Amino acid sequence: MTCEKCMDRYLSLDNGEALPRGIRAHVAGCNRCMTEIRGFEALREEMTSLPPESDRDLADEVMMNIRRLSPDRQTVSTGRWLAVGITLLLSVALVPLGRSYLWVRQTWGMSFDLPLFLVLGIVFVLYCTVFIAVHVDELSHRFKILDAFLK
Ligand SMILES: [Zn+2]
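Criteria and thresholds
- Residues numbered from 1 in each chain as written.
- Predicted model: local features only at pLDDT ≥ 70, side-chain atom pairs only at ≥ 80, totals over all residues.
- Helix = DSSP H or I, 4+ residues; strand = E, 2+ residues; numbered from the N terminus.
- Buried ≥ 20, exposed ≤ 12 C-beta atoms within 10 Å, placed from the backbone.
- Axes fitted to C-alpha atoms, helices over the stretch in contact; angles between N-to-C directions.
- Parallel < 35°, antiparallel > 145°, perpendicular 65-115°, else oblique.
- Left-handed = near helix turned anticlockwise from the far one by under 90°.
- Contact = placed C-beta atoms within 7 Å.
- Nonpolar A, V, L, I, M, F, W, Y, C, P; charged D, E, K, R; others polar.

Trainee: Help me understand the overall build of the protein, please; the structure alone is not making it clear to me.
Mentor: When its secondary structure is counted, the protein shows 8 helices and 0 strands. Mapped from its N terminus to its C terminus, the protein presents α and β elements in the order α-α-α-α-α-α-α-α. By residue count, 3% of the 151 residues in the protein fall in the buried class.

Trainee: What am I meant to see in the packing of helix α1 (residues 3–11) against helix α3 (residues 31–48) here?
Mentor: Two measures define how a pair of helices packs: the angle their axes make with one another and the distance between the axes. Put simply, α1 and α3 touch, their axes get as near as 10 Å, and they point 20° apart. Here α3 runs roughly parallel to α1, going by the angle between their axes. Crossing geometry of α1 relative to α3 is assigned as right-handed. Residues Cys 3, Cys 6, Met 7 and Tyr 10 of α1 form the contact with α3, whose participating residues are Arg 32, Cys 33, Glu 36 and Ile 37. Classifying every residue of the contact of α1 with α3 gives 6 nonpolar, no polar and 2 charged.

Trainee: I tried to follow the packing of helix α5 (residues 78–94) against helix α7 (residues 113–134) on my own but got confused; where do I start?
Mentor: Relative orientation of the contacting elements α5 and α7 amounts to 165°, with a least axis distance of 10 Å. One element, α5, and the other, α7, form an angle in the roughly antiparallel class. By crossing handedness, the relation of α5 to α7 is classed as left-handed. On α7, the residues touching Trp 81, Gly 85, Leu 88, Leu 89 and Val 92 of α5 are Leu 120, Phe 124, Tyr 127 and Phe 131. In terms of residue class, the contact of α5 with α7 is built from 8 nonpolar, 1 polar and no charged.

Dropping the structure here:
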């Protein structure tokens, strides 16, 4: 057995599983693998001897750091939202002018138009729905301003 194969087999063992005969035979004649395996065994024993409380403290510390580093709420500027909306709308409007659309139309005829524009319309309506849901506070504020203007 080669050293590489020996270490592969060793690393595929479950924690605390007894060494198979092949690995024991190789390790008996190979100092390098014996040293490496002893190092792993010492490390495993050290890790299992750690008190369980230390794991929880580490997890709490990691979670505190994650909360501290990541903002509570990610926001996308209204300008970017509008840029995406305009791009989407232009894409829908420009589809009939595209070369691939003409090819599709020549190949399948006009029966392709209705499903295509239904899908594009649904995508645009979904975008508008998400836009309104995300900006509901801003929009209601603007409409109140408009209401005050109309009175
Ligand atoms: Zn070896």
